[in-house]
Amino acid sequence: MESVRKIIHIDMDAFYAAIEQRDKPELRGRPVVVGGTSKRGVVATASYEARVFGIHSAMPSSQAYRLCPHAIFLPPRFAIYRSVSQQIMSVIKEYSELVEPLSLDEAYVDASENLKGIRYATRVAQDIRRRIQEETGLTASAGVAPNKFLAKVASDMNKPDGLSVIIPEMVDTVLHHLPIRKIPGIGAVTEKRLHKLGIRTVGDLRALSERQLTGTFGKMGFWFYRIARGEDKRAVVPQRARKSMSVERTFHDDLINREELNAKLSLLAEELDIRLCKRSLRGKTFTLKITYNNFEKVTRSVTSIEVIEGAPVFIEKALGLLAKTEAGTRPIRLLGLGISSFAGEEEDCSPPPLETQLPLTWESQQLEPAP
Ligand SMILES: [Mg+2]
């Protein structure tokens, strides 16, 4: 029999905003929004006080401003967030060799064989939460479960500053009403598609047979079938070496209008910038990806001697590459931006490219909200 794994998901509470409130006591108890402060910026993190007004991450900053004009809008200080993140990750790594950071403020920990010989994963999780608070003054939430998916669901159940455990007997109850958006791999587009089929919760998904699911969703159907039953065999993989970072969006209404196209590009550029900053990544190859409405895909890349960084530069490069496509004359259903050929700060940096047309591995997932 396979032994039951003990997986912990650690997730800092409103990370960037919490750091700002920690460092500037006058911000405590007030709605704080960290993110792009320009007209086209997006929210990276909102404090819990700001969430009350309906503000959430990945929302355009302009919309956040309309929802709560008296909120304090701050530009991100990624250098600080990265150093706090290092403190947190080194605490976590005292407990297990199998730590998989998902972003600056989130990590999976396989505590099945923990380094401190603690018998219960719940104890490990409590210890980690306490140590993080002592070292950084910040609170973390934790979820404990037999796999990654359930651990992540658990850490979300008792936020902020909470701990939740999902034991096998609870799986059916916990998952029944869970919105399908919480399933890894389901982004905005798949969600809409499932909604149209009347599937809104994991319980709804579970009512479908494996054959029905694979018939509709292909390979993804197998994944849906298992995940709906709380089964997830993904291992905790320490330190994934990234070769590229990209963001993309599929549009319900095809884009043809140039102005609209530019607006979407700006949003994607901001998202890409935030994602790269979160992982301290800087690269020299910039790629634009387009799918026309007949599903024909094209990519255009440019490689520079210097690193290509910052949303304004991404926009400029993207517009240059866009001119080499049929954008504006042919309807577009998907738009993506990516950076590869990472240099510098990362330990696992890939060698410089030999040619400009490098294949990019695009993340299949939709844009996920930042923490
Ligand atoms: Mg978080």
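Before any of the text, the structure's been laid out above.
Here's a quick rundown of the structure. (Residues numbered from 1 in each chain as written. Predicted model: local features only at pLDDT ≥ 70, side-chain atom pairs only at ≥ 80, totals over all residues. Heavy atoms only, no water.)

Side note on the sheet that holds strand β5 (residues 99-103)
Under the convention used in this document: Two strands pair under a simple rule: DSSP has to find at least two bridges between them. Numbering of helices and strands runs from the N terminus; a helix is a DSSP stretch of H or I covering at least four residues, while a strand is a stretch of E covering at least two. Every angle, taken between N-to-C directions, lies between 0 and 180 degrees, and every axis is a line fitted to C-alpha atoms, over only the stretch in contact when it is a helix. Contacts: residue pairs with any heavy atoms within 4.5 Å of one another.
Strand order in the open sheet made by the five strands is β5-β6-β1-β7-β8, with mixed pairing throughout. Unpaired on one side and paired on the other, β5 and β8 (163-165) mark the two borders of the sheet. Taking each pair of neighbouring strands and ignoring which way they run, the sheet shows an average axis angle of 15°. Pairing of β5 with strand β6 (residues 106-110), which is carried by four bridges, proceeds in the antiparallel orientation. Within β6, the position partnered with Val 99 by the bridge is Val 109. Lying over the sheet, helix α5 (residues 121-136) contacts β1 (7-12), β7 (140-145) and β8, oriented at roughly 170° with respect to β7.

Some words on the sheet that holds strand β4 (residues 72-74)
Strand order in the open sheet formed by three strands is β3-β2-β4, and the pairing between neighbours is mixed. Two strands in the sheet have a free side with no partner beyond their single neighbour: β3 (43-46) and β4. Between one strand axis and the next, the sheet turns through 25° on average, direction left out of account. Judged from the three bridges that link them, strand β2 (residues 32-35) and β4 form a sheet pairing that is parallel. For Val 33, the partnering residue across the bridge sits in β4 and is Phe 73.

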